[in-house]
Amino acid sequence: MSGRNTGKKVKKKNPNLRLVKNETGRPEKGRAKRKEQEEKVRFGKSRRILISLLALILLLTVLGCGYAYIITNYAVTTVHVEGNVHYTDEEIVEMVMGGRYGNNSLFLSLKYRDKGIDDIPFIQTMDVTIEARDTIRITVYEKALAGYVSYLGRYVYFDKDGIVVETSEEETQGIPQVTGLQFDYVILHEPLPVEEPEVFDEILNITQQLDKYDLSADKIYFDSDYQVTLVFGDARIALGDSQDIDEKIMKLQYILPGLEGKSGTLDMREYSEDTKTYSFEQDSTGMEESITESP
């Protein structure tokens, strides 16, 4: 027999193998630890929800207090309206302050900041100024109207150049009606198609002179030769052509008091600076009487 060793081979261990011992006997301790971790997670989540809820309540409280402060302390109690003729003060206020929060000066200051109101008939624009927390001023700039004509049941308003500005079913006080002009059609924002466009210069001059002496004519009538007659109630003033018309209108402030309650025509076509007495023909009898300027 040979002298070779016949001992057992020893199996080499894997150096990369790590043995994890089974912690038998510790199951209760592991479950308790996991439960504690779950409790911490639930507590942290509940705390975050509570903090978020308190923050939301605080935010809503602040917003509510701010809203109540603005509504209470910026309520408009005084409104000044100026420059309006076609619309009443109440109508202007409703246009500007109508709708929700319309009576709040802070809201109005934001709504009309750096802009006016310019989409209303007869109104060029309206400016809204906040003078105090409870006071605003509305300044109305109406379109310059020289007169109006009646056409197809509507009132057609035109400016100093004869351009049609507005049409309406309502008559505006303080604007004279112009009669006797001949035209076949009306187009908004275009001139009235009359034979003598120069008549609008005369209309403008007449209205300016009437305003100068605080006189308000009901009608301005032009005959076929463009001779002018002014109508004040039942009294008609025949002025004739445009010659000396400024002086004639100036005289009216002294003549009209003597025509109060009378119906007829006063003839001022023949005019001179020295004339003080004018012929007045009564409608009822056709008789003439003399009307003298009052001092």
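Now for a description of the structure that goes with this document. It should be emphasised that the depicted structure is a prediction, and the values quoted were computed from it without experimental measurement. (Residues numbered from 1 in each chain as written. Predicted model: local features only at pLDDT ≥ 70, side-chain atom pairs only at ≥ 80, totals over all residues. Heavy atoms only, no water.)

When helices and strands are tallied, the protein chain shows 5 helices and 13 strands. Buried positions account for 30% of the 295 residues belonging to the protein chain. Nonlocal contacts in the protein chain, meaning residues at least 24 apart in sequence, comprise 45% of its contacts between residues at least 6 apart. (Helix = DSSP H or I, 4+ residues; strand = E, 2+ residues; numbered from the N terminus. Buried < 20%, exposed > 50% of the residue type's maximum accessible area, 1.4 Å probe, protein only. Contact = heavy atoms within 4.5 Å.)

Time to look at helix 5 (residues 245–255). The set of residues buried in helix 5 consists of Ile-245, Lys-248, Ile-249, Lys-251, Leu-252 and Ile-255. Down the axis of helix 5, the buried side of the element spans an arc of 160°, and every buried residue falls inside it. At its buried positions, helix 5 is contacted by helix 4 (199–212), strand 9 (228–232), strand 10 (235–240), strand 11 (264–267), strand 12 (277–282) and strand 13 (288–292). (Arc of directions from axis to C-beta.)

Right, let's get into the sheet that holds strand 3 (residues 135–142). Strands belonging to one sheet form pairs held by backbone hydrogen bonds; the direction of such a pair is parallel or antiparallel. Ordered by their spatial adjacency, 3 strands build an open sheet running 1-3-2, and the pairing between neighbours is mixed. The open sheet has two edge strands with one neighbour each: strand 1 (78–82) and strand 2 (123–132). Along the sheet, successive strands turn relative to each other by an average axial angle of 15°, direction set aside. (Pairing = 2+ DSSP bridges. Axes fitted to C-alpha atoms, helices over the stretch in contact; angles between N-to-C directions.)

Further remarks concern the packing of aromatic side chains. A full pass over the atoms with the stated rule returns 7 aromatic pairs. Ring geometry for Tyr-148 versus Tyr-155: centroids 5.3 Å apart, planes at 90°, classification edge-to-face. Judged by centre distance (5.2 Å) and plane angle (40°), the ring pair of Tyr-148 and Tyr-157 falls under tilted. In terms of burial, Tyr-148 and Tyr-157 fall into one category: buried. Sitting over the ring of Tyr-74, Arg-133 keeps its end group 5.8 Å from the ring centre. (Phe/Tyr/Trp six-rings, centres within 6.5 Å; stacked < 30°, edge-to-face > 60°. Lys NZ or Arg CZ within 6 Å of the ring centre and 35° of its normal.)

Functional significance is not addressed by these values, which are geometric in nature.
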